Amino acid sequence: MLTAGRTTGLVFFPAFDWAISSTHPEREERLLYTQDQVFEEGLLDIDGITEFKPDLVTVRDIQRVHFCVPDVWSVATESHFISAGGAKTIGMAVMDKRVECGFALVRPPGHHAMRVVHGARGFCNINIEAIMIEYIRQAYGVRKVAIVDTDCHHGDGTQDIYWHDPNTLFISIHQDGRTLYPGSGFPHELGGPTAIGYTLNYPLPPNTSEEGFLYAIEQVVLPILKEFQPELIINSAGQDNHFSDPITNMNFSAQGYARLTSLLKPDIAVLEGGYSIEGALPYLNVGIILALAGLDYSNVKEPNYQPEAIRQKPEITTFIKKTGDQVLTNWRNRVQLGEMAQKKKGIDERRRTLYYDTDNIVENQHETIRVCPNCSGVLKIDSESDHTCRILAVHIPVGACEECRNQGYAWFDSIKKSDEAKAFLQDRPKDQYLEK
Amino acid sequence: MIIGLDVGGTYTDVVLLSNEGIERAIKVPTDPDDLFHTVLSGLDQIVDQVELMQIHRVVLSTTLTTNAIAQDKMPRVGMIVSAGPGIDAKYFRTNSDYFAVAGATDHRGREIEPVNPVEISEISQRLKSEGIRYVGVVAKFSTRNPQHELQMLDLIQPHFDKVFLGHRVSGNLNFPRRIATTYLNTAVYPIHKQFFQAVQDSLANKGVCIPIHIMKPDGGTMVFSASVDHPAQTILSGPAASVMGSLAFAFDDEDTLVMDIGGTTTDIAVLVNRAPLLNPAGISMGSYKTLIRAIETHSIPVGGDSAVRVVDGQIRIGPDRIGPAMAFGGPVPTPTDAMRILGSMKSGCRERSISGFQEIACQLTCSVEEAAFQVFDRTCRMIMTEAGSLVDRINQKPVYTIHELLEGYRVYPQKALILGGPAPCMAGHLEKISGIQVGVTPRWDVANAIGAALARVTSEVILFADTQQGMATAPEESFFQKVDRTFDRDQAVSMAFELLREKAFRLGAEEKELEMEVIEDQQFNMVRGFYTTGRNIRIRVQIKPGLIGEYDTIAGILSRE
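Residues numbered from 1 in each chain as written. Chains lettered and ligands numbered in written order. Predicted model: local features only at pLDDT ≥ 70, side-chain atom pairs only at ≥ 80, totals over all residues.

I keep staring at the overall build of chain B and nothing clicks. Help me out?
The secondary structure content of chain B amounts to 15 helices and 29 strands. A compact globule built from 561 residues should have a C-alpha radius of gyration of about 24 Å, and chain B, at 26 Å, falls within 12% of that. Each of the three principal axes of chain B carries a C-alpha extent, and together these read 75 × 60 × 45 Å. Expressed as a percentage of the 561 residues in chain B, the buried residues total 51%. Taking contacts inside chain B between residues at least 6 apart in sequence as the whole, the part at least 24 apart equals 63%. (Helix = DSSP H or I, 4+ residues; strand = E, 2+ residues; numbered from the N terminus. Rg over C-alpha atoms; globule rule 2.2 N^0.38 Å. Buried ≥ 20, exposed ≤ 12 C-beta atoms within 10 Å, placed from the backbone. Contact = placed C-beta atoms within 7 Å.)

Set out below in structure tokens:
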């Protein structure tokens, strides 16, 4: 009789009736063989593993995180409400102590969705982890959260949402942005002036295998987590680092993923990418579930697994160690870097052009933040795209000081109602969303 | 005429039904150590002075295999299991003669690692030399491709009396359950076969030469000749018989709760559209989780004879039964005593009930009548609360499509049928506290035997097609056919229906009972690179559990009685 060492909740929502398009990697068939393997292994019968039916998120849950242009229903379909709802359901099950940890095995994914959403980027429309985390913060009063994004692609959406938040440590491990979408996630991307060092990027060279990934987790991620002391660890558990994944170039394995999971011990894991639907996903998911539940995964191996054939070259190992040192140095210097940024000026700005590859949209964004010594600072975003209308959006963060709150409302009030632009205000301390 | 017989823990109920209704209903004591004698004496008594030629149907619901498993009275059998990658097969060990062997097949049915004939032959020799006569063989993903199980069968078949194969159990994917179910089939096979062969022979000696039907936990039946390949499908048929007995009196097509309130436990099930809801995974018995189809039932340790106590000023009912109600000479107060005191129950000694409730009244600091009412009220509320949690559990079953999640059917029973000893005394109060319409099943005292008598043959076929590999298969039926690229969902459904008809006839069904329905049908385009390379089709069809054709007349007559 198998009994989980750690009680584990599962939301399995393969969305068998939803696809971006019929031959797109994000199609109905994606989790079909995973379902077969999970069912055949009898994972859902194991004592201590509980399957939950996902609830849908509400429009309010989404508006707590995103500015959707022109509105939520225009950028999110039912499938997104369910997929984010699956993450939220697991989050609640963990917070209510019905289970010790959980895994939302859901699609579509979300980690490329940024705070402003004009459409789909990198197969993502809304950020399902961020929606879950902000719900948990609101409902359970959790403050410090760490997100470890192990998808092969840089989690640029999650990075954007938490760029200015020192209470959310975001660490992304991914294939080097010079060789893969979205082309970002370099070690110098460290967060905004009020949260420097709380965004950490650890790019790995193509053909990194088990040794490299486990080095990154053991030698870099775990020491940082230990120091940060988060109340919750979230794993954006992309499965596209596998050696058989068709759209990436890494050499990770089912054994490696299971080992990574048992090292990281996330409270909540959320599926992101992963498109080797027959050769990898069925085995990776079984390995991850067993590892989360504290069960023996030593016999979980994909059919073509030959550890010798995918062993990484010494120069890759050297490169990974060098980058790891840099990430650790950035983390250790965060206080100093923060002080330097605080001294600089009262207002910080950034201008960006963002491309939505899935929906073929170009967005121009101008972001202004009040560099506040007392809180993480009120934020203003002016955004327009070639497809949708212009928006002016104000974000008052959790724990905002009185001055930032007032500044936020002053910005919002000064926006004149017009047909060309919509105005939004996220008041997180009051958990309100206003628009005009 | 039809005979229905249901073996219970204490009594065995037997009914004889004709077009006129219940011709005869009797109870004989159950002798758990000699069920053969119990069944035969029940049959003997019911057919006493009846023209035997008139009997055209006999259905038995027994505890034979259930008891054998519960009491672990099973012979030594061998299990040969090949798992391949995944959870190690050692965790699914069912018995001591259990061997995990080489060989692996993947989720699409492709061979990853071959069977090792030398290894299998060695195990076979060893089992044979230990005197083992029955063996179960199970491979992971054998429902996708049974080749490995068939190869192992070929290697060992000459050495054993009977070999059970995992893929014949069910088309469902669940390797641990397939192992457990195959083990139970193998282990109960000899007693099952011997028992029913003996029953059939002695009926034949009396001149009743018709195939006997055996009740299954899904509320259906199968003939004896078909049951020898699936003997474990006869476990836990008792609650199913009661549910089917109530089905004859279901109000209409609306969702209805069926609650069998016994002495020690209450069993709750749900009817939707005149059919019981089934458990999608399969029935569990003790530590065995199986793939055996069964009615979804919720059993709670609350009944008429539950021991009543006051703990920290709170009434506690059950979970144990110490003896009968005090009104009937029992040692401790029970909900039945409460009903006796309140006057809703007329039999039994009221004075004894009152004396039993003195202490409870004292602890609750109220009158005996008030204490009795509180106990009665609490019992009713506990049952309704548990019924509510069964409904929640059914509605909380995970689904895997957006359509089902947003528009899936939600069970919402506004009616209940109750049966069991305390049922008539509880109907009114259950209705009052729940606000739903509560009726007592007519002839609830023999509803189980009526259910057995009237239940139709049920069965299920799961068809899987993969047009990229050019095959359609229903392994449970030993069916394998080549298909071309144009094969689609509609063709798959027709194919599955045809297999289901054949299977139902083999199990003893008649043409008029073949109410077939599709319960799952999915078709996926398989895309490799940027091209559609095939279709992956999954079809599940069933004979809906229900009653045989004659039931309308019989039920009509019974309701009026």
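Mind showing me how you'd approach the domain arrangement of chain B here?
As a measure of interface size, the accessible area lost when the parts come together is often cited. Residues and elements named next belong to chain B. When cut into domains, chain B gives domain 1 (78–180), domain 2 (250–440) and domain 3 (459–543). Once you take the C-alpha centre of each, domain 1 and domain 2 turn out to be 43 Å apart. Contacts between domain 1 and domain 2 engage 8 residues on the former and 5 residues on the latter. In terms of residue class, the side of domain 1 that touches domain 2 is built from 3 nonpolar, 3 polar and 2 charged. (Domains from an automatic or database assignment. Nonpolar A, V, L, I, M, F, W, Y, C, P; charged D, E, K, R; others polar.)

Where do I start with the sheet that holds strand 13 (residues 379–385) of chain A in this structure?
Residue and element names in this part refer to chain A. Overall, mixed pairing links the 6 strands, which are arranged 11-12-13-14-15-16 in an open sheet. With one partner strand each, in any of the chains shown, strand 11 (347–356) and strand 16 (432–435) form the two edges of the open sheet. Averaged over all neighbouring strand pairs, the angle between strand axes comes to 15°, with direction disregarded. Across 4 bridges, strand 15 (residues 421–427) lies against strand 16 in antiparallel orientation. Looking across to strand 16, one finds that Leu-425 is bridged to Leu-434. Contacts from helix 12 (residues 402–414) reach strand 12 (361–370), strand 13, strand 14 (390–396), strand 15 and strand 16 within the one sheet, and its direction differs from that of strand 14 by about 165°. (Pairing = 2+ DSSP bridges. Axes fitted to C-alpha atoms, helices over the stretch in contact; angles between N-to-C directions.)

Sorry, what's going on with helix 14 (residues 489–506) of chain B here?
Residues that lie three or four places apart on an α-helix share one face, since the helix turns once every 3.6 residues. Residue and element names in this part refer to chain B. Here helix 14 spans 26 Å end to end across 18 residues, near enough to the 26 Å set by a 1.5 Å rise per residue. Residues of helix 14 that are buried make contact with strand 25 (460–466), strand 26 (471–474), strand 27 (479–482), strand 28 (516–528) and strand 29 (531–543). Just downstream of helix 14, Gly-508 is the residue with a positive phi angle, here 110°. (Expected span 1.5 Å × (residues − 1).)

Please explain the interface of chain A and chain B as it appears in this structure.
Taken together, the contacts link 37 residues of chain A with 35 residues of chain B. Looking at the side of chain A that touches chain B, the elements with two or more residues in it are strand 1 (3–13), helix 1 (32–40), helix 4 (78–95) and helix 9 (281–292) of chain A. Here the side of chain A that touches chain B takes 6 residues from helix 1 of chain A, the largest share from any one element. Class assignment for the residues of the side of chain A that touches chain B results in 17 nonpolar, 6 polar and 14 charged.

Looking at this model, I keep getting lost on the nonpolar core. Mind explaining?
Among soluble globular proteins, nonpolar side chains are generally buried collectively. Counting residues in hydrophobic clusters, the biggest one holds 150 residues, and the most contacted among them are Ile-3, Met-259, Ile-418, Ala-453, Leu-463, Ala-492 and Ala-496 of chain B. When residues no more than four places from it in sequence are discounted, the contact partners of Ala-492 of chain B are Leu-463, Ala-465, Ala-472, Phe-487, Ile-537 and Ile-539 of chain B. Counting 132 residues, the second-largest nonpolar core is a separate cluster that includes Leu-31, Val-106, Ile-161 and Val-300 of chain A. (Core = buried A, V, L, I, M, F, W, Y, C linked by C-beta atoms within 7 Å.)

Would you mind going over helix 13 (residues 447–454) of chain B with me for this structure?
The element helix 13 of chain B is extensively covered by neighbouring structure, given that 8 of its 8 residues are classed as buried. Here helix 13 of chain B has its buried residues at Ala-447, Asn-448, Ala-449, Ile-450, Gly-451, Ala-452, Ala-453 and Leu-454 of chain B.

In this structure, what is going on with the domain arrangement of chain A? I would like to understand it.
Residues and elements named next belong to chain A. Parsing chain A into structural domains produces domain 1 (3–335) and domain 2 (345–435). For domain 1 and domain 2, the distance between their C-alpha centroids amounts to 27 Å. On the domain 2 side, the residues contacting the 24 residues of domain 1 number 28 residues. Of all the secondary structure elements, the ones that give two or more residues to the side of domain 1 that touches domain 2 are helix 2 (59–63) and helix 5 (128–140). Of the residues contributing to the side of domain 1 that touches domain 2, the split by class is 11 nonpolar, 8 polar and 5 charged.

Help me understand the packing of helix 7 (residues 210–228) of chain A against helix 10 (residues 314–332) of chain A in this model?
Residues and elements named next belong to chain A. Axis separation between helix 7 and helix 10 bottoms out at 10 Å; the angle between their running directions is 15°. Relative to helix 10, the element helix 7 is oriented roughly parallel. Of the two possible hands of crossing, helix 7 and helix 10 adopt the one that is right-handed. Of helix 10, the residues touching helix 7 (which contributes Glu-211, Gly-212, Tyr-215, Ala-216, Gln-219, Val-220 and Ile-224) are Ile-316, Thr-317, Ile-320, Gly-324, Val-327, Leu-328 and Trp-331. Here the contact of helix 7 with helix 10 is built from residues that sort into 9 nonpolar, 4 polar and 1 charged. (Parallel < 35°, antiparallel > 145°, perpendicular 65-115°, else oblique. Left-handed = near helix turned anticlockwise from the far one by under 90°.)

Would you explain the packing of helix 7 (residues 238–247) of chain B against helix 13 of chain B in this entry?
Residue and element names in this part refer to chain B. At their nearest, the axes of helix 7 and helix 13 sit 6 Å apart, and the two run at 85° to each other. Relative to helix 13, helix 7 is oriented roughly perpendicular. Residues Gly-238, Ala-241, Ser-242, Val-243, Met-244, Gly-245 and Ser-246 of helix 7 touch helix 13, and the partners they reach there are Ala-447, Asn-448, Ile-450, Gly-451, Ala-452 and Leu-454. A class-by-class count of the residues in the contact of helix 7 with helix 13 yields 7 nonpolar, 6 polar and no charged.

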